[in-house]
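In case you want the letters, here they are:
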Amino acid sequence: MTVDYCVSKLVTDLGLGQDDAVSIIDAMLEEQTKLESRYSGSDLDKALRDVATRLGAAQLHKAKLKKKTMYRDLVLSPKYDAQIDHFESQGMSTKAAIVASLVGTHKGVKGARISIDIAAASLEQQWVGEIVSRIEAEQPAILKLLRKDDRFRRDVIRELFVIEDIDKTVTGNKDAHRLAKILSEVNRRSWDRVRRAGADVGELKNWLPQSHDPTKLIKTDARTWTRDILPLLDINKSFGDADLSAVEGDILPGIYQRIVQDIMAPASKMAAIEKRHRELFFKDADALMDYSNKYGNPDFIRSILTHLRENARLVATMETLGSNPKDFLNRWILAKQEKIWARTDLSDGEKQTLSGKLKRIDLNSPNDPVSIAFQIATGHANTPVHPTFARIASNVRGVVCLAKLGSAAISSISDIPIAASRLRTQGMGLMDGYLGMLNGLLMGKTPSEKKEIAYALGAGFDGLMGEVYARYTPEDQFSGRMTKALNNFFKLNGLTFMTERQRQTFSLMTSAHMAQKAALPWNELDTRYRHNLEIHALDSRTWEAIRSLEKKAADGREYILPQAVRMLSDKEIDAYLAPEITELNKRHKGASDERAYTEQLQQLRENARINLEDRLSAYFMDETDYAVLRPDGRTRMWQTAGLKPGTLLGEAVRFMWQFKSFSLAFSQRVLGSHLYGGHNRSADFGGLPHVLASSIVFGAISMTLKDISRGKEPRDFSKPETWTAAFLQGGGAGIYGDFLFSAQSRYGHGIVDTALGPTIGPTFDLADMGLEALHGDPPSKARLVNLAKNNTPYVNLWFTRACLDYLVLYQLNEWASPGSLRQMERRLKKENGQEMIWPPSTFIKRGGGLR
């Protein structure tokens, strides 16, 4: 048979396209060469038929998937049109509307907080919150074991490896089995949602993430990797009846190359999903852990949470922009231009202007705001180009965090007025907001029932996620060891407690307030609360559905949880879907296919439940992020400009913006929401004075506590400059406030160095010292001592710094530069009007040693 005959048969018999048929024949010719070395006669014919069947089925599946994708895109396009048209109707340009659809906006327009980025973060919090909430409800002790007991974590992996085959513990550890069951069920929900979004992923039974550490893989080669992984694999499950020599010589090296290529130049999120689809089957859980210890991430719990994050990002992207987001957005922009030229209410000049603005959008340009927002929203901006370089730079920033953020828990006191201010936008009194936040912070151990509710709302598990540092650095994610070090550090200095407790308190207050307001119909809600709901796309129709939700009772109060949407009856959902059901009835009027009608109605109900739960989850998460400030996609646009880690520019901007995330988030979320976040983008001049005044008061408290922790008397508050410094401390200006009174920042560097980030100054100092030493002028002892003191991890913990100063550091200062302590005391008096509580010069002799 000729090749042309085979191609025509495939086209005729299987209904394939010409190109697909040619691809099958090409693949078969390649396979034939391999099979001829192993088979002959009838065995060869059978093997070739098997290959043809497999390749034909694959092509048919591919063709069906292509049609399904085209259909989904046709459905998504009008929905995206509606979102952009909605933004445009409220005064936004098309370009600004596209950016808002990707990363949200802080302007006071309806639906402002509906975006891919916010949806992804909400889904992640929803899934992780369900895990932690169920643990708290069923066996709270598991959380402690999860954080501290490595043996317990290994037992969890062993249980997960067979959890769907054996409905009983295989390790004898009932707690590990309980956790494995919870993880498995939530993981299955996430994969169901991924498939629902249109990803071509089959059922993943007993699924566990196969993590591949890019740095470790790039350091090895295909032959070594193949030799190490082969004894760990279940050969039959992984490769069927393939010859072992082919597996070792061709198949596994090919898999290695694909993994490395995905790491170095990932094509799309769909490619990542296909890569994650079970390709390699390990013999048992211990074999999988052995591989992960050598070539992946040994922290499986973190790997599972990371995969939930990736799934959430994928779902949010595909549900808005389809399976090929860039192609979808490019085609949508072209269609939008055609619609502009078809409008009769515009002059040719106006059409030219509007169309030209869209024509200039370039999703491949590093300078285009739409391109930057696209990279942030889809997660592409998080993928390192050179993983080793990215890992090194990330770890350097991690060390800087350990050296500089010892007093971060004290600084977080300024979250209280920000939270109270945000509660005000929900229609709550300022005093009630302050009292609620202070009560939550100062009360004793949070009752388990309230913790469970807070976790279900997606708040209060920052330590488990290892993201407490996200408030101060543009880091996407530190490496495993550095994450563990930072988690321990922030737990030690109290920042984890402060962050988790404040987020829990705020989310509980927000939920309880909604439950209380649910007694009122939409038109009786106060204007401020209605606007707060509308920017999250919670309108009057949605409010009526919220009012019918079953409430969760605890501590004498009622709370509304997003998960309660799943319990809504069909009658209640139908009331919410009244317009859609009316339209459905019109389409089926007179039709005899009742089954099709029932299926479409059930689909409407299922979509409505998912949409309602997503909207409520996003509301609670995003409001909490406003109150206990956390950077969002809009902030990351400024921080990273969409530049990827592992590139020179990408790492440069991450170094520059380190510790400035809070400042930028404050200006966007707090100041921005007051300046243009009111109804119809108006300013909230009633709330702005409170923000400014409270920043001064809580900045003064924070500044005073920091001074006392360093053995200094409080500053002189009769001086205007002290109050200005207090405002800068509490108002999000952070390290910039130091330059109001001194040419040097608190870390000993000038304004240019500090603007470039906390790592640049010490780096310049070190380089200068090296150059001076090379030219015969070694640095002074005092300079070396200051450099070491200001950049050594754990030295600046707020509760140990005073003791460390008097016992060690002041001694070193005086040894390095005799008389420096008296000079420090005089400078402190002159610049800040302060004195030391216990002047170190009265205890330490000139040149060192106790008096």
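Heads up: the structure comes first, above all this text.
On a predicted model such as this, the values are computed, not experimentally measured, just so you know.

### Some remarks on the overall build of the protein chain
Right, so step 1: For the protein chain, the count of helices and strands is 41 helices and two strands.
Right, so step 2: Classification of the 851 residues of the protein chain by burial places 52% in the buried group.
Right, so step 3: By sequence separation, contacts in the protein chain at least 24 residues apart represent 72% of the contacts at least 6 residues apart.
Right, so step 4: Carbon and sulfur atoms provide 56% of the accessible area of the protein chain, an area that totals close to 39100 Å².

### Observations concerning a positive patch on the surface
Right, so step 1: A grouping of Lys144, Arg147, Lys148, Lys445 and Lys491 is seen on the molecular surface, where their side chains present a positively charged patch.
Right, so step 2: Residue contributions to the positive patch peak at three residues, all from helix α6 (residues 141-148).
Right, so step 3: Among the secondary structure elements, Lys445 is positioned in the loop between α22 (430-442) and α23 (448-456).

### Brief notes about the packing of aromatic side chains
Right, so step 1: Applying the stated criterion to the full structure yields 16 aromatic pairs.
Right, so step 2: For the ring pair Tyr80 and Phe328, a centre distance of 6.1 Å and an interplane angle of 80° mean the geometry is edge-to-face. A residue pair is termed long-range when its members are at least 10 positions apart, and Tyr80 in helix α3 (residues 41-89) and Phe328 in helix α16 (residues 325-342) qualify at 248 residues. Each member of the pair, Tyr80 as well as Phe328, is classed as buried.
Right, so step 3: Judged by centre distance (6.0 Å) and plane angle (15°), the rings of Tyr434 and Phe698 are stacked. Here Tyr434 is found in helix α22, whereas its partner Phe698 is found in helix α35 (residues 688-709), with 264 residues between them in sequence.
Right, so step 4: On the basis of relative accessibility, which here comes to 11%, the residue Phe698 falls in the buried class.

### Quick look at the packing of α6 against helix α7 (residues 150-162)
Right, so step 1: Relative to each other, α6 and α7 sit at 105°, their axes nearing to 6 Å. It follows from the interaxial angle that α6 and α7 lie roughly perpendicular. Residues Ile142, Leu145, Leu146, Arg147 and Lys148 of α6 touch α7, and the partners they reach there are Asp150, Phe152 and Arg153.
Right, so step 2: Of the residues contributing to the contact of α6 with α7, the split by class is four nonpolar, no polar and four charged.

### Notes on the nonpolar core
Right, so step 1: With 61 residues, the main nonpolar core has Trp225 and Leu252 as its most contacted residues.
Right, so step 2: Those elements giving two or more residues to this core turn out to be α5 (116-138), α6, α7, α8 (174-196), α10 (222-229), α12 (244-264), α14 (285-295) and α15 (300-321).
Right, so step 3: Tallying contributions element by element places α15 first for this core, with nine residues.
Right, so step 4: Among residues more than four places away in sequence, those in contact with Leu252 are Trp225, Thr226, Ile229, Leu230, Leu233, Phe239, Val247 and Leu280.

### Examining helix α17 (residues 348-359)
An α-helical segment advances 3.6 residues per turn. Residues three or four places apart therefore align on the same side.
Right, so step 1: For α17, built from 12 residues, the straight-helix expectation of 16 Å at 1.5 Å per residue is met to within 8% by its first-to-last C-alpha distance of 16 Å.
Right, so step 2: Packed against the buried residues of α17 are α4 (94-103) and α16.

### Points about α8
Right, so step 1: Between its terminal C-alpha atoms α8 stretches 33 Å, which fits the 33 Å expected from 23 residues at 1.5 Å a residue.
Right, so step 2: The opening residue of α8 is Asn173, an N-cap whose side-chain oxygen sits 3.2 Å from the backbone nitrogen of Asp175.
Right, so step 3: Gly198 occupies a position one or two residues after α8 and carries a positive phi of about 115°.

### Here's the deal with the pattern of salt bridges
Right, so step 1: This model, assessed by the stated rule, comprises 49 salt bridges.
Right, so step 2: Measuring nitrogen to oxygen at the nearest pair gives 3.2 Å for the salt bridge that ties Lys336 to Glu88. Linking Lys336 in helix α16 with Glu88 in helix α3, this pair joins segments that are 248 residues apart in sequence.
Right, so step 3: Relative accessible area serves as the criterion here: at 23%, Glu88 is assigned to the partly exposed category.

### Things to note about the packing of α5 against α23
Right, so step 1: Contact geometry of α5 with α23 gives a least axis separation of 7 Å together with a crossing angle of 165°. In terms of their interaxial angle, α5 and α23 are classed as roughly antiparallel. With respect to the hand of their crossing, α5 and α23 are arranged in left-handed fashion. Contact residues: Gly129, Val132, Ser133, Glu136 and Ala137 in α5; Ser448, Lys451, Glu452, Tyr455 and Ala456 in α23.
Right, so step 2: Residue classes in the contact of α5 with α23 are distributed as four nonpolar, three polar and three charged.

### Things to note about a nonpolar patch on the surface
Right, so step 1: On the surface, Leu492, Tyr794, Trp798 and Phe799 cluster together into a nonpolar patch covering about 360 Å² of accessible area.
Right, so step 2: Along the chain, Leu492 falls in helix α25 (residues 480-493).
Right, so step 3: The exposure class of Leu492 is partly exposed, given its relative accessible area of 44%.

### Let's talk about the side chain of Ser694
Right, so step 1: Tracing the backbone through its elements, the reader meets Ser694 in helix α35.
Right, so step 2: For Ser694, the contacting residues outside a window of four places in its chain are Pro417, Tyr434 and Gly699.

About the cut-offs
- Residues numbered from 1 in each chain as written.
- Predicted model: local features only at pLDDT ≥ 70, side-chain atom pairs only at ≥ 80, totals over all residues.
- Heavy atoms only, no water.
- Helix = DSSP H or I, 4+ residues; strand = E, 2+ residues; numbered from the N terminus.
- Buried < 20%, exposed > 50% of the residue type's maximum accessible area, 1.4 Å probe, protein only.
- Contact = heavy atoms within 4.5 Å.
- Areas by Shrake-Rupley, 256 points an atom, 1.4 Å probe, with all protein chains shown as cover.
- Patch = residues over 30% accessible without salt bridge, like charges linked within 9 Å, V, L, I, M, F, W, Y side chains within 5 Å.
- Salt bridge = Lys/Arg side-chain N within 4 Å of Asp/Glu carboxyl O.
- Lys, Arg positive; Asp, Glu negative; His and termini not counted.
- Charge placed at Lys NZ, Arg CZ, Asp CG, Glu CD.
- Phe/Tyr/Trp six-rings, centres within 6.5 Å; stacked < 30°, edge-to-face > 60°.
- Axes fitted to C-alpha atoms, helices over the stretch in contact; angles between N-to-C directions.
- Parallel < 35°, antiparallel > 145°, perpendicular 65-115°, else oblique.
- Nonpolar A, V, L, I, M, F, W, Y, C, P; charged D, E, K, R; others polar.
- Core = buried A, V, L, I, M, F, W, Y, C linked by side-chain atoms within 4.5 Å.
- Expected span 1.5 Å × (residues − 1).
- Polar contact = N/O pair within 3.5 Å; in protein donor to acceptor, adjacent residues only side chain to side chain.
- Left-handed = near helix turned anticlockwise from the far one by under 90°.

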